[in-house]
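Listed below, chain by chain, are the residues.
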Amino acid sequence: MESLLAGAHLHPAAFSPASLSRCHPPSVVVRGVHHVGGRAVRCAYTKDAILYALEHDEMFNSEEVVQWESGKTINTIAAAQGIQISRRCRPRYPSEGSGDDKAVPRHILEQIVWDKEVEVSQRKAKKPLMNVMESSENAPPVRDFIGALTAAYGRNGVPALIAEIKKASPGRGVLRENFNPVEIAQAYEANGAACISIFTDEKHFQGSFESLEMIRNSGVKCPLLCKEFIIDSWQIYYARSKGADAILLIAAVLPDLDLKYMLRVCKNLGMAALIEVQDERELDRVLKIDGVELIGINNLSLETFVVDTSNTRMLMEKRGDTIRDRGILVVGESGLITPDDVAYAHSAGVSAILVGESLIKAEDPGRAIAGLFGKELLH
Ligand SMILES: O=P(O)(O)OC[C@@H](O)[C@@H](O)c1c[nH]c2ccccc12
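An account of the accompanying structure is given in this report. Here the structure is a predicted model, which means the values were calculated and not measured. (Residues numbered from 1 in each chain as written. Predicted model: local features only at pLDDT ≥ 70, side-chain atom pairs only at ≥ 80, totals over all residues. Heavy atoms only, no water.)

**Here we look at unusual backbone geometry**
Its identity as a non-glycine residue notwithstanding, Phe-305 has a phi of 60°, on the positive side. Tracing the backbone through its elements, the reader meets Phe-305 in the loop between β11 (294–298) and α13 (310–325). A positive phi angle is found at Ser-334, which is not glycine, with a value near 80°. Within the secondary structure layout, Ser-334 lies in the loop between β12 (329–333) and α14 (339–348). (Helix = DSSP H or I, 4+ residues; strand = E, 2+ residues; numbered from the N terminus.)

The following block contains the structure:
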């Protein structure tokens, strides 16, 4: 499966423009047999990998293409996995079809994803994959996100804190008027946050990649999570190029093959992936994937933006044993405000928590950390 990422073992004749024009970002679209040293190895190629290979003339000895995975559309594949988000697949290449502009999103998450498709296609047009890959190579070195969480948990005996920087959210509007992301990050770090999560989505959360980059260049040492709605591996390279050490992958948005592929992209870049689930079905999908190290259980429904803090406990009761056996670290996410909330999440079995609103809204977000835990954190 090495070719999954490299995209470098393909024969151009196997891929007609018509097949590439299908609407499949960036899932695996084709399976093939690749002959290595006389041995046939089954491979899966992503559309990005194919396009990358086509664009860069990196064609080697692909033999036979067995079957287009894409007899089905991405939406059919996703729906069969319980995903409620449809992809509109805005045109990226001239041969690709356009989305249906009159469609109405079913809920806020679908709206966000549709907006993200437009944003990413525009960003990609300005900075193609090759350029962003190159910038990611020149980015400041990756820091160990999971290591920082584990160390902080060991040090404090309470779940490690991923403190979040977000100016606004669709459910709550603007959370803080006087908003200086670098100052907040420094205050979080000084008060014992293990890692920092930075919203980069502009349209719905008023975040930016500039804040991520500024925080990374400000001397803050905590590993940084790029909090983005990732739908395309291009965004992972982009996040890395801006100094991110980890990214978020949302199981409600991404079909299994995208999760697997993107996890692999992350690992190749040395980054961590926080894979976020909100229900049992998503958790079971994620637990089937090899190499998962970090799962976030969200108490926030991304369809309704309603919070239920018992969600983490409920899912841990059901799947905690498997999670522990696999050595996966779980992050409890959203709606945590008081030391009792933290204790509740801890007793459910999480080793880390992701907290935004209750810190951001406080007059002094740094000092609010001691209030959240009921004690000062060591760092
Ligand atoms: O601000 P809160 O309730 O402390 O939650 C933080 C974080 O969990 C939340 O921002 C979040 C986690 N995953 C998401 C996905 C989309 C939107 C928001 C989120």
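**Considerations on the packing of aromatic side chains**
This structure, assessed with the given rule, holds four aromatic pairs. Both rings, one in Trp-234 and one in Tyr-238, keep their centres 4.9 Å apart while their planes meet at 15°; by these two values the pair is stacked. Within this pair, Trp-234 and its partner Tyr-238 are both found in helix α10 (residues 233–241), separated by four residues, close to a single helical turn. As far as burial versus exposure is concerned, Trp-234 and Tyr-238 are alike and both buried. Aromatic ring contacts, followed pair by pair, group Phe-199, Phe-205 and Phe-229 into a single cluster. (Phe/Tyr/Trp six-rings, centres within 6.5 Å; stacked < 30°, edge-to-face > 60°. Buried < 20%, exposed > 50% of the residue type's maximum accessible area, 1.4 Å probe, protein only.)

**A few points about the pattern of salt bridges**
Tallying each qualifying case throughout the model produces 22 salt bridges. The partner of Arg-123 in a salt bridge is Glu-119, with the nearest N and O atoms 2.9 Å apart. Here Glu-119 and Arg-123 lie together in helix α5 (residues 108–126), a separation of four residues that amounts to about one turn. Here Glu-357 ties to Lys-361 by a salt bridge, and the two come within 3.4 Å at their closest N and O atoms. Linked through salt bridges whose partners overlap, the residues forming this network are Lys-116, Glu-119, Arg-123, Asp-201, Glu-202 and Glu-228. (Salt bridge = Lys/Arg side-chain N within 4 Å of Asp/Glu carboxyl O.)

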